[in-house]
Amino acid sequence: MRPFVRWCAALAAAVCALPGTPAFAATAVPDARADDGSHVVAQTTVDGDARVLDLTVRSAGVGAYAMVRLILPRNWAERSWPAVYLLAGETRLQDYRGWSANTDIRRLADDAGVLVVMPGAGTAGFFTDWWNYGKDLALNQWETFTAVELPQLIDRGYRGNGRRAVAGLSLGGYGAFELAARQPGVFRYAASFSGNLNPAGPTGELLTSAIVGSARLDPEALWGDRRREAARWEAHDPLVNADRLRGTELYLSAGNGLPGPLDARLPIDVLPGAMLLEFLCGAQTAAMAGRLRDLGVPVTADLYGPGTHQWAYWQEQLHKTWPRMLQVLAS
């Protein structure tokens, strides 16, 4: 691995924080299956709250078990509901618990009248179907899990009504735009907070390989060698495929990597990594906003200047986007 890639990998790992371990209590599992047979095999409540569930899904696409945290609306049993999907960042540490551990999404969800769906994406799964060197493997198919299997399970087993919005941070910001582009019609609204939105670009390639390598996975198993498999890399690049986002309401945000007003409590040993990651993702976010505008694709962009790659900014962005997400889902 090249020195800069190793450095990025170390920095990517440095900005993550382990959430606390919740207490669980068992509850009944609905009898629902996705078209490919994927199904929920276990369901537990979190901290004794019957409206917050952790689901263990046997995914045919992933070829393994995948975790999802789900917040149910009040009066859930009375009707069907729209859903907000929140995608986490680098997933070895944050995974499906990241949003509830680091933001006030539980409070926001109380009276929102939506399902809140927070899926994991394996170990640096990238919310994408891995190439796996062209082998016909049911393994690491995270696009299939997040945008096909899971919506079917939520609609069939948990009263989803087919109206969905998606928002993600960092790697999840990439996932939100990537899934909206590759699976048109699944999501009405997509928001990226500090996303790696141009993985086929020079800095995006380095960052992508660093994230996969830091998880001790093979970067070339993702989409192949960047030069020999250029078409596959570009097929999974939201900036390259920006025109496919037309028809989805879009929101982008990122800082420029300089310490900002919410960085005072960030540990000093984490700050350099958080600065570098936000600088890289901020540049890609700005390029994505420009690309969309050149194409005449409507987008709302909040390029807020000083700010690093950390949860305090993503919490703020969640609050900025939450009312509009609910409006889109209600229309």
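Residues numbered from 1 in each chain as written. Predicted model: local features only at pLDDT ≥ 70, side-chain atom pairs only at ≥ 80, totals over all residues. Heavy atoms only, no water.

**Some points on the pairing of strand β5 (residues 81-87)**
Most of β5 is tucked away, with seven of its seven residues classed as buried. Of the strand pairs in this sheet, β5 and strand β7 (residues 160-169) are connected by six bridges, and their pairing is parallel. Across the sheet, tyrosine 85 pairs through a bridge with valine 166, a residue of β7. (Buried < 20%, exposed > 50% of the residue type's maximum accessible area, 1.4 Å probe, protein only. Helix = DSSP H or I, 4+ residues; strand = E, 2+ residues; numbered from the N terminus. Pairing = 2+ DSSP bridges.)

**Details of the confidence of the model for the protein chain**
Scored by pLDDT, the protein chain has a mean of 90; 90% of the residues are at 70 or more. The low-confidence segment residues 1-26 (pLDDT under 50) makes 54 contacts with residues lying over four places distant or belonging to another chain. (pLDDT = per-residue confidence, 0-100. Contact = heavy atoms within 4.5 Å.)

**Things to note about the packing of helix α6 (residues 202-214) against helix α9 (residues 271-295)**
Packed helix pairs are specified by the crossing angle of their axes together with the interaxial distance, meaning the distance between the axes. The geometry of α6 relative to α9 is characterised by a closest axis approach of 10 Å and an angle of 135° between their N-to-C directions. In terms of axis orientation, α6 runs oblique to α9. α9 is crossed by α6, and the crossing has left-handed handedness. Where α6 abuts α9, its residues Thr203, Gly204 and Leu207 lie against Leu277, Leu280, Cys281 and Gln284. Tallied by class, residues from the contact of α6 with α9 come to four nonpolar, three polar and no charged. (Axes fitted to C-alpha atoms, helices over the stretch in contact; angles between N-to-C directions. Parallel < 35°, antiparallel > 145°, perpendicular 65-115°, else oblique. Left-handed = near helix turned anticlockwise from the far one by under 90°. Nonpolar A, V, L, I, M, F, W, Y, C, P; charged D, E, K, R; others polar.)

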